[in-house]
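Structural overview
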Amino acid sequence: MAEQVEDVVGAQIPAGADKPPLSDEVRASMAAVQKARATALASARRATVRTRAWFGAMVGTVALGSIVFGLAGGRQVATPAAAVAASLPVASTPPVANTSPVALPPSPLMPAVTPEPKSAEPAVAAPSTGAAEAPVAADVSTPTVPTRAVPSRNAAGCTPAAGQPRWRVDIDACAKIFENRPNDAALALTIAHAHHAKGHLAQSGEWARRAIALDSQAAEAFIILARAEARAGHPAASVQAYRSYLGLVPRGWHAPEARAVVRRSDEHARKPSRVQSASSDAEGS
């Protein structure tokens with residue numbers, strides 16, 4: 001600093017002139033400035049050292065923490081399943097109730113029974129050595145209630161296949177089943193339907209009569225019987241069967257057919273009375 005002052009002072013003095021000597025105050029001021037500059041530089045160096053030390057400590061702390069956490073995580077992953085299971089709380093097992101057999105006290109209505117303890121293997125029933133129970137005789141005095149005529153679903157070839165009408169069955173198999181079930185009106189109607197579908201009107205009429213005898217509400221049996229009687233040449237019986245059908249189901253599936261036949265029969269019955277009345281009028285005139 002003193003050198004700079006001297007240079008400045010010297011620059012202001014013309015060349016060739018003698019430089020004036022510096023006073024003690026100037027020299028003291030210059031020394032104070034140099035001392036302050038040295039103090040500032042030392043303070044800056046110390047601040048720089050402290051900053052670097054703090055930054056290095058922070059970086060070291062972060063690195064050390066990363067290492068520590070990494071090692072802790074590795075130890076946690078490497079912990080065996082048995083140790084983890086051992087660290088979990090174990091639920092207490094409830095006490096098991098005593099299942100030993102208890103002898104029941106005797107009762108006036110039932111003797112005392114001591115239940116046998118349950119074994120690991122199933123017990124094998126011992127053959128009975130007592131006398132066989134006699135079969136209970138059927139009460140022949142009880143009247144037999146006929147089965148209603150609904151679509152029959154029997155076994156042994158008498159059941160229609162899936163999606164087929166019920167009359168596509170084995171007629172012989174159904175007839176054998178009917179021998180053991182003579183009161184099954186539905187089965188009789190099924191056989192009548194099967195015969196009618198094959199064009200066996202005589203047999204269908206016979207089985208229709210059986211169904212009607214067992215169930216007088218079997219409306220479809222009257223239709224089969226009416227057609228069989230018409231084919232056999234019995235118009236009066238056919239009309240009567242149609243009338244019975246209309247009496248049971250006036251809006252049934254075959255009602256239009258039955259009404260047409262009955263109407264024609266009534267019109268035919270009225271014709272002779274008209275002819276007779278016309279002839280009576282002619283004789284009177």
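Here is what the cut-offs are and how they apply
- Residues numbered from 1 in each chain as written.
- Predicted model: local features only at pLDDT ≥ 70, side-chain atom pairs only at ≥ 80, totals over all residues.
- Heavy atoms only, no water.
- Helix = DSSP H or I, 4+ residues; strand = E, 2+ residues; numbered from the N terminus.
- Buried < 20%, exposed > 50% of the residue type's maximum accessible area, 1.4 Å probe, protein only.
- Contact = heavy atoms within 4.5 Å.
- Areas by Shrake-Rupley, 256 points an atom, 1.4 Å probe, with all protein chains shown as cover.
- Core = buried A, V, L, I, M, F, W, Y, C linked by side-chain atoms within 4.5 Å.
- Axes fitted to C-alpha atoms, helices over the stretch in contact; angles between N-to-C directions.
- Left-handed = near helix turned anticlockwise from the far one by under 90°.
- Nonpolar A, V, L, I, M, F, W, Y, C, P; charged D, E, K, R; others polar.
- pLDDT = per-residue confidence, 0-100.
- Arc of directions from axis to C-beta.
- Phe/Tyr/Trp six-rings, centres within 6.5 Å; stacked < 30°, edge-to-face > 60°.
- Lys NZ or Arg CZ within 6 Å of the ring centre and 35° of its normal.
- Disulfide = S-S within 2.5 Å.

1. Regarding the overall build of the chain
- Broken down by element type, the chain carries nine helices and zero strands.
- Starting at the N terminus, the α and β elements of the chain follow one another as α-α-α-α-α-α-α-α-α.
- Of all 285 residues assigned to the chain, the portion counted as buried reaches 19%.
- A fraction of 42% describes how many contacts in the chain between residues 6 or more apart in sequence connect residues 24 or more apart.
- Looking at the chain as shown, the accessible area adds up to about 21,700 Å², and 61% of this sits on carbon and sulfur atoms.

2. Thoughts on the nonpolar core
- Ranked by size, the top nonpolar core spans 35 residues in total, and within it Phe178, Leu187, Ile191, Ala221, Tyr242 and Tyr245 carry the most contacts.
- At the level of secondary structure, the elements contributing two or more residues to this core comprise α4 (171-180), α5 (185-197), α6 (201-214), α7 (219-231), α8 (235-248) and α9 (255-284).
- Excluding residues that lie within four positions of it along the chain, Phe178 makes contacts with Asp184, Leu187, Ala188, Ile191, Trp207, Arg210 and Leu214.

3. A look at the packing of α5 against α7
- Where α5 meets α7, the axes come as close as 10 Å, and the angle between the chain directions of the two elements is 40°. The interaxial crossing formed by α5 with α7 has left-handed handedness. Residue-level inspection shows Leu189, Ala192, His193 and His196 of α5 in contact with α7, the latter providing Glu220, Ala221, Ile224 and Arg227.
- For the contact of α5 with α7, the per-class residue count stands at four nonpolar, two polar and two charged.

4. What about the confidence of the model for the chain?
- In this model, the chain carries an average pLDDT of 73, and 55% of its residues clear a pLDDT of 70 or more.
- A low-confidence stretch, residues 122-145 (pLDDT under 50), is modelled with one contact involving residues beyond four sequence positions or located in other chains.

5. Description of α4
- Of all the positions in α4, only Ile171, Ala173, Cys174, Ile177 and Phe178 are classed as buried. Buried residues of α4 fall within an arc of 160° about the axis and therefore sit on the same side. Of the residues in α4, the exposed ones pointing more than 90 degrees away from the buried face are Asp172, Lys176, Glu179 and Asn180.

6. Observations regarding the packing of aromatic side chains
- Applying the stated rule across the entire model yields one aromatic pair.
- On the numbers, 5.1 Å between centres and 80° between planes, the contact of Phe178 with Trp207 is edge-to-face. Remark: Trp207 occurs in helix α6 and Phe178 occurs in helix α4; sequence separation between them is 29 residues.
- Phe178 sits in the buried class, given a relative accessible area of 9%.
- Above the face of the Trp207 ring, Arg210 is positioned so that its terminal group lies 4.2 Å from the ring centre.

7. Here we look at the state of the cysteines
- The final tally for this structure, using the stated rule, is one disulfide.
- Covalent S-S linkage joins Cys158 and Cys174, the inter-sulfur distance amounting to 1.8 Å. Because the torsion about its S-S bond is 110°, the bridge between Cys158 and Cys174 counts as right-handed. On the criterion of sequence distance, the pair formed by Cys158 in the loop between α3 (81-87) and α4 and Cys174 in helix α4 is long-range, its members being 16 residues apart. Each member of the pair, Cys158 as well as Cys174, carries the same accessibility label: buried.

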